[in-house]
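# Reading the structure
Chain by chain, the residues run as shown.
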Amino acid sequence: MSIPVRRLFNRLAAPVSCVLFVISISATIGAKELHDDDKFSIAILPDTQYYTSEKNGGKKEMFFTQTEWIAQNATKENIRYVIHLGDITDDGEKLPQQWVNASDAMHRLEKPQAGYPQGIPYGMAVGNHDQTKSQYPISGTTAHYNKYFGIDHFKDKKWYGGHYRDNNDSHYDLFTAGGISFIVIYLEYDSYDEDIENLNNWTSALLEKHKDKKAILVSHSFIHFNKTKGTNEKGFPAFSKQGQRRFDRLKRYPNVIMTLSGHVGDNGEGYRQDGYAGNIIRSFLSDYQSRKDGGHGLMRLMTFSRSNDLVSVRTFSPYTGEEETDADSKFTLPLFHHTTVARYSDYDNDGVTDLAFFSKGNWKINDQPAIEFGKAGDVPAPADYNGDGRTDRAYFRPSEGKFYLEDGKQITLGQPGDIPVCGDYDGDGFAEAAVYRPSTLTWYFNGLDSVRFGHAKGIPVPADYDGDGILDLCFFRTDNSLWQSSLGNIPLQVKHTPGDIPVPGDYDGDGRTEMAVYRPSTGEWIIDKMKQPVKLGGKDYLPVPGNYYPDGKTYPAVYKDGKIVLQNGKTFEVADNKIEELVNLPLVLRYKLIK
């Protein structure tokens, strides 16, 4: 059993309570209400040590071409900031010409141009090769780094925030892009923990002071490279020792969204994500020094879309013209809202739930043309199977005990009578095919150990109730309205009423799923942590909660007579499809688990 899943299930012996389902519905309500000018980019420059030193086939012109490309494409790509990941040079203080080459490259960004009166904002991390007495931030020296990139050089730049101690080895910058305020904090390389606690204290104070800003943490070393080259899938790389100590200390701050690092050039690329208390932190590694010609000018461009809540990564070389397109070089991920709690039934990656119907293998989503994928007797099992934030079509064929994904993959799992409960059960961003077997009260997962956890009167409602990016096993008791999960018994404080329908979701937008029930007899939505029930619906209405606006929140909604009605009174028509074919219905209704 993998470590995340063991942590998930290690307290199943204790009584517990929780909630979830992973479905919803929507139309295009509010999908594009944000302004169009919400896309912007951050350019990433990995280790340039062999360009500045002109070793191992590297040339200084490769570095020059990178920054020239950034300057020339700043307007076209809306590049609002540039990050250098450290190991600017190869020999610390020994060979000053390397620093002349580095300054020649980076200072090209400072030429004023339209929209950039002080040039393009940038910051730089100090790597071990930039230190003399490498690995030590206190007893080592960085005189040449500070000669060309010190406090005096940046103090009048509008984006410059400040520095740590009496030099610029660790510092921070501030900028705004796409309507989002950012703080970028640079942490000097510290392999032997010579100053890591003091630096963590300084960083903590900054994160507290600037809690209104999204934080990107940059250090030359945070994570190792991917275990499987060419993919961001199973088997996340480990943190480096200093990366782990920094992450453990700083993950508690909800404004931290990302870490960036280099240093590890063997495979060149790495990615992992970690959840904590409703916040997902994504860590990216890029370092190409071990490639041909010292990296032959490879760099990255990260493009952010606020309205679609996505970040897309490109890896390319302006020097050679090449672009890497394997799965760990070119990919798209959710930005702020994670698929385990927020991006339900979002088939087009716009951050808003889509209405999806499935009938005898025919899929109809919003106003898109119908697609034949499956046949009569198949059961829809959509989920984000490739980690890009978009819901993928998939179905379960009970007669064969197989799942079929739209990318052509087939997964053998399950049998007739099983209920698909697909989702991310190990926190890697990729949904697992999964089924719950009522006859044995057992959960089965593709690639993970099965778990016996259920009740004869229990309805499966898996969800991310603690906000760590991992779906928690949970079931709702129809005989007493108790929620029981792998996290512990946490009863929703409501009087048991037969016919209540569990409708868990993130109704307050804190990144954690709330237990909730819809009570048809009174038309009330009783949601955990909300003092008063939401009045919406009634005996003849069906609940269809979803992310109807691109803010990551779940909204109550009900269906009746061909219309879906939201709490604020907005309504929209459902096409000519039958409501029983609506994939967005809560799990318990789709499988008629409440009679």
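Just above, that's the structure.
The structure reproduced in this document is the subject of the present report.

Calculation criteria
- Residues numbered from 1 in each chain as written.
- Predicted model: local features only at pLDDT ≥ 70, side-chain atom pairs only at ≥ 80, totals over all residues.
- Heavy atoms only, no water.
- Helix = DSSP H or I, 4+ residues; strand = E, 2+ residues; numbered from the N terminus.
- Buried < 20%, exposed > 50% of the residue type's maximum accessible area, 1.4 Å probe, protein only.
- Areas by Shrake-Rupley, 256 points an atom, 1.4 Å probe, with all protein chains shown as cover.
- Lys, Arg positive; Asp, Glu negative; His and termini not counted.
- Charge placed at Lys NZ, Arg CZ, Asp CG, Glu CD.
- Pairing = 2+ DSSP bridges.
- Salt bridge = Lys/Arg side-chain N within 4 Å of Asp/Glu carboxyl O.
- Core = buried A, V, L, I, M, F, W, Y, C linked by side-chain atoms within 4.5 Å.
- Contact = heavy atoms within 4.5 Å.
- Phe/Tyr/Trp six-rings, centres within 6.5 Å; stacked < 30°, edge-to-face > 60°.
- Lys NZ or Arg CZ within 6 Å of the ring centre and 35° of its normal.
- Axes fitted to C-alpha atoms, helices over the stretch in contact; angles between N-to-C directions.
- Parallel < 35°, antiparallel > 145°, perpendicular 65-115°, else oblique.
- Left-handed = near helix turned anticlockwise from the far one by under 90°.
- Nonpolar A, V, L, I, M, F, W, Y, C, P; charged D, E, K, R; others polar.

What follows is about the overall build of the chain. Scanning the chain from terminus to terminus reveals 9 helices and 37 strands. Based on the C-alpha atoms only, the size of the chain along its principal axes is roughly 80 × 50 × 45 Å. Taking all 595 residues of the chain together, the buried fraction comes to 62%. Element-wise, carbon and sulfur atoms account for 49% of the exposed surface of the chain, whose accessible area totals about 22,600 Å². Computing the positive centroid from 68 side-chain charges and the negative centroid from 80, the chain places the two 4 Å apart.

Attention now goes to the pairing of strand S23 (residues 434-437). Because side chains alternate across S23, one face comprises the buried residues Ala434 and Tyr436, and the other comprises Val435 and Arg437, equally buried. By the bridge criterion, 2 bridges tie strand S22 (residues 419-420) to S23 in an arrangement that is antiparallel. Bridging across to S23, Pro420 finds its partner in Val435. Bridging between S23 and strand S24 (residues 442-445) involves 4 bridges; their strand directions are antiparallel.

A separate point is the pattern of salt bridges. Counted according to the given criterion, the structure contains 31 salt bridges. A salt bridge links Glu324 to Arg291, with the shortest nitrogen-to-oxygen separation between them at 2.5 Å. Pair noted here: Glu324 is in strand S13 (residues 323-324) and Arg291 is in the loop between strand S10 (279-286) and strand S11 (299-305), with a separation of 33 residues, a long-range link. Accessibility expressed as a relative area gives 18% for Arg291, which makes it buried.

On to the environment of Glu432. Tracing the backbone shows Glu432 in the loop between S22 and S23. The class for Glu432 is buried, based on a relative accessible area of 2%. Linking Glu432 and Leu448, residues 16 residues apart in sequence, is a C-alpha distance of 8.7 Å.

In this section: the sheet that holds strand S36 (residues 563-566). The strand order across the open sheet formed by 4 strands is S34-S35-S36-S37, and the pairing between neighbours is antiparallel. With partners counted over all chains shown, the strands left at the sheet margins are strand S34 (542-543) and strand S37 (571-573), one partner each. Relative to S36, strand S35 (residues 557-560) is paired through 4 bridges, and the arrangement is antiparallel. The partner of Val558 across the bridge, within S36, is Val565.

To continue, consider the nonpolar core. Counting 60 residues, the largest nonpolar core has Ile70, Ile83, Phe149, Ile216 and Leu260 as its most contacted members. Sorting elements by how many residues they give to this core places helix H3 (residues 60-77) first, with 7 residues. Sequence-distant contacts of Phe149, defined by excluding residues within four places in its chain, comprise Trp99, Ala102, Ser103, Met106, His107, Tyr122, Met124, Phe154 and Asn168. By size, the runner-up hydrophobic cluster in this structure holds 38 residues, among which are Leu355, Val544, Leu566 and Ile579.

Turning our attention to the packing of aromatic side chains. The description of an aromatic ring pair rests on the distance of the ring centres and on the angle between the ring planes. This model, assessed by the stated rule, comprises 31 aromatic pairs. With 6.5 Å between their ring centres and 55° between their planes, Trp99 and Phe149 make a pair best called tilted. Taken as a pair, Trp99 in helix H4 (residues 96-106) and Phe149 in helix H5 (residues 143-149) lie far apart in primary sequence, 50 residues in all. The rings of Phe40, Tyr81, Phe175, Phe182 and Phe304 are connected pair by pair, giving a single aromatic cluster. Over the ring of Phe64 we find Arg108, and its NZ or CZ is 4.2 Å from the ring centre. Above the plane of the ring of Tyr404 lies Arg397, whose end atom (NZ or CZ) is 4.9 Å from the centre.

A separate point is the packing of H3 against H4. In the contact formed by H3 and H4, the axes pass within 8 Å of each other and the chain directions differ by 20°. When the axis of H3 is compared with that of H4, the two are roughly parallel. As for the relative orientation of H3 and H4, their crossing is right-handed in sense. Contacts between H3 and H4 pair Lys60, Phe63, Phe64 and Thr67 from the former with Asn101, Ala102, Asp104, Ala105 and Met106 from the latter. Of the residues that constitute the contact of H3 with H4, the class distribution is 5 nonpolar, 2 polar and 2 charged.

The subject of this paragraph is the sheet that holds strand S31 (residues 516-519). The 4 strands are arranged S30-S31-S32-S33 in an open sheet whose pairing can be described as antiparallel. Only two strands of the sheet have a single neighbouring strand rather than two, namely strand S30 (501-502) and strand S33 (534-535). Relative to S33, strand S32 (residues 524-527) runs antiparallel, the two sharing 2 bridges. What sits directly across from Trp525, in S33, is Val534.

Remember, this is a structural readout, not a statement about activity or role.
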